[in-house]
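# Residue-level structure breakdown
The residues making up each chain are set out below.
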Amino acid sequence: MREDPERFTDSHEPASASAAAPDSDASSDLARAREGDDAAFTRLVAPLRAELHAHCYRMLGSPHDADDALQDALLRAWRALGRFEGRGSLRSWLYTVATRTCLDTVAARGRRALPMDLGPSSDHAVVGDVPLTDIAWLAPYPGTGLGDGPASPDARYEQREAVELAFVATLQHLPGNQRAALLLFEVLGFSAAEIATMMDTSTASVNSALQRARAIVGTKITSPSQQRTLRKIGDTRLAEIVGDYSAALERRDADALLALLTEDVTWSMPPLGHWYRGREAVTDFVVRVPMTHCGAWRHLPLTANGQPAVAAYMWDDTAGAHLPWSINVLTLRDDLIAEVTSFVGLAHFDLFGLPKSLEAVPPA
């Protein structure tokens, strides 16, 4: 798109968007940045990078797309910095630039999907399922640097709650303007009037977009958030569940794994198109594919999308080591696993900074 510094002026931003007066260091950096000091600009945006990146991920459903969008947004902000008059907060101005950048990406690329968006579940294991490379798939999010609480006093979602898989997947079903309005209002705590200015529209349009977005989210997300569930379970029990899940796959113990699953459990593996619902179908898949047709497994516990997860490594005879296979994000209900989303691919491991292999000797 054409760069347009006028597009990012803050001259009409509502007074309520203004933050407290900046400290002297920030004011000095702002003045230097306007004079072309890129190091000063870097210092200005550094405290906001993590939350801006998370916002781009929520909008786009991909950490890689979020990387590109944030880089593009900061470049646009740098070029348009002379138009920032300080009538509103730097934070809200940067969110304006980032949101409009993401809306451009949404318009150009569409939405990201999970296997359940493509069709019904399979009732038996599909051996030899092949990746669907023509689909833009949702991807897991490391979420490094996100706080535990809300991003602002007016936000209705916690920061980690707002990157949970169910929420981000649901956002992908919203048109770009509804997605942006919901995130800016519910997750970031901006007012409808502020959002109208940020999105260059009317307050009535923002309220309409919010109403429609909430209706869709309400029909697709009916369970408590994972953050509430995890607090109820507690760290000790959570570690046991993740450990038991990993051990069951490593021992090829189908009964032990079955005991960890809800009756209506789902298992999907993007970029593979088939997915499974219910303990019978999931058990058939697990026994016939990961426990039979794959090499031995090793796992590392981690957190993805604010949820418990494990990095799954599969034994490779040629390499003589366990190699990266998938990031398995677990969604819990009470203290059972209700969803396993296995994001297959080495690129996901790079995002999480995980090792390229585990163990040089196969298990006995």
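Calculation rules
Residues numbered from 1 in each chain as written. Predicted model: local features only at pLDDT ≥ 70, side-chain atom pairs only at ≥ 80, totals over all residues. Heavy atoms only, no water. Phe/Tyr/Trp six-rings, centres within 6.5 Å; stacked < 30°, edge-to-face > 60°. Helix = DSSP H or I, 4+ residues; strand = E, 2+ residues; numbered from the N terminus. Buried < 20%, exposed > 50% of the residue type's maximum accessible area, 1.4 Å probe, protein only. Pairing = 2+ DSSP bridges. 1 Å grid on protein atoms, 1.4 Å probe; cavity = no way out; pocket = protein on both sides within 12 Å on 5 of 7 lines; lining within 4 Å. Points joined across faces, edges and corners; volume = space filled by probe spheres on them. Expected span 1.5 Å × (residues − 1). Contact = heavy atoms within 4.5 Å. Axes fitted to C-alpha atoms, helices over the stretch in contact; angles between N-to-C directions. Parallel < 35°, antiparallel > 145°, perpendicular 65-115°, else oblique. Left-handed = near helix turned anticlockwise from the far one by under 90°.

As a further point, take the packing of aromatic side chains. Scanning all chains against the criterion turns up nine aromatic pairs. Pairing Tyr 95 with Phe 190 gives two aromatic rings, centres 5.8 Å apart and planes at 65°, and the pair type is edge-to-face. You can see Tyr 95 sitting in helix 5 (residues 90-109) and its partner Phe 190 sitting in the loop between helix 7 (176-187) and helix 8 (192-198), a full 95 residues away along the chain. Ring geometry for Tyr 276 and Phe 285: centres 4.8 Å apart, planes at 20°, overall stacked. Judged by its relative accessible area of 4%, Phe 285 falls in the buried class. Put simply, the rings of Tyr 245, Trp 267, Tyr 276 and Phe 285 touch in pairs and so form one group of aromatic residues.

What follows covers the pairing of strand 1 (residues 261-268). Strand 1 sits mainly inside the fold: six of its eight residues count as buried. Pairing analysis gives four bridges linking strand 1 to strand 6 (residues 336-344), with the strands arranged parallel. Following the sheet pairing, Ser 268 is matched in strand 6 by Thr 341. Strand direction decides the pairing type here: strand 1 and strand 2 (residues 275-277), joined by three bridges, are antiparallel. Across the sheet, Trp 267 pairs through a bridge with Tyr 276, a residue of strand 2. Hairpin connection of strand 1 to strand 2: six residues between the antiparallel strands.

Looking now at empty space enclosed by the protein. Across all of its chains, the model carries three cavities of 30 Å³ or more by this definition. Roughly 50 Å³ of internal volume is contained in the largest cavity. If you go around the largest cavity, the residues you meet are Glu 51, Ala 54, Arg 58, Tyr 95, Leu 146, Ala 151, Tyr 157, Glu 158, Gln 159, Val 187 and Leu 188. Counting residues per element, the lining of the largest cavity draws most heavily on helix 3 (residues 49-60), which supplies three residues.

Another aspect to go through is helix 7. The terminal C-alpha atoms of helix 7, which comprises 12 residues, lie 16 Å apart, in line with the 16 Å expected from a rise of 1.5 Å per residue. Within helix 7, 11 of the 12 residues are buried, which leaves it mostly tucked inside the rest of the structure. What helix 7 keeps buried is the set Gly 176, Gln 178, Arg 179, Ala 180, Ala 181, Leu 182, Leu 183, Leu 184, Phe 185, Glu 186 and Val 187. Among the structural elements, helix 3, helix 5, helix 6 (165-171), helix 8 and helix 9 (203-220) are those in contact with the buried residues of helix 7.

Right, let's get into the packing of helix 3 against helix 5. For any two helices packed against each other, the geometry comes down to the angle between their axes and how far apart the axes lie. In contact at an axis separation of 10 Å, helix 3 and helix 5 are set at 25° when each is read in the N-to-C sense. Between helix 3 and helix 5, the angle is such that the two are roughly parallel. Here the hand of the crossing between helix 3 and helix 5 comes out right-handed. For the pair helix 3 and helix 5, contact is made by Glu 51, Leu 52, His 55, Cys 56, Met 59 and Leu 60 and by Arg 91, Leu 94, Tyr 95, Ala 98, Thr 99, Cys 102, Leu 103, Thr 105 and Val 106, respectively.

Time to look at the layout of surface pockets. Each pocket or cavity is described by its volume, and for the largest pocket that value is around 1,200 Å³. Taken together, 41 residues line the largest pocket, and the ones lying closest to its centre are Ala 166, Lys 220, Ile 221, Ser 223 and Glu 339. Those elements that provide at least two residues to the lining of the largest pocket are helix 6, helix 9, helix 10 (226-233), strand 1, strand 2, strand 5 (321-333) and strand 6.

Just geometry here; none of it tells us what the structure is for.
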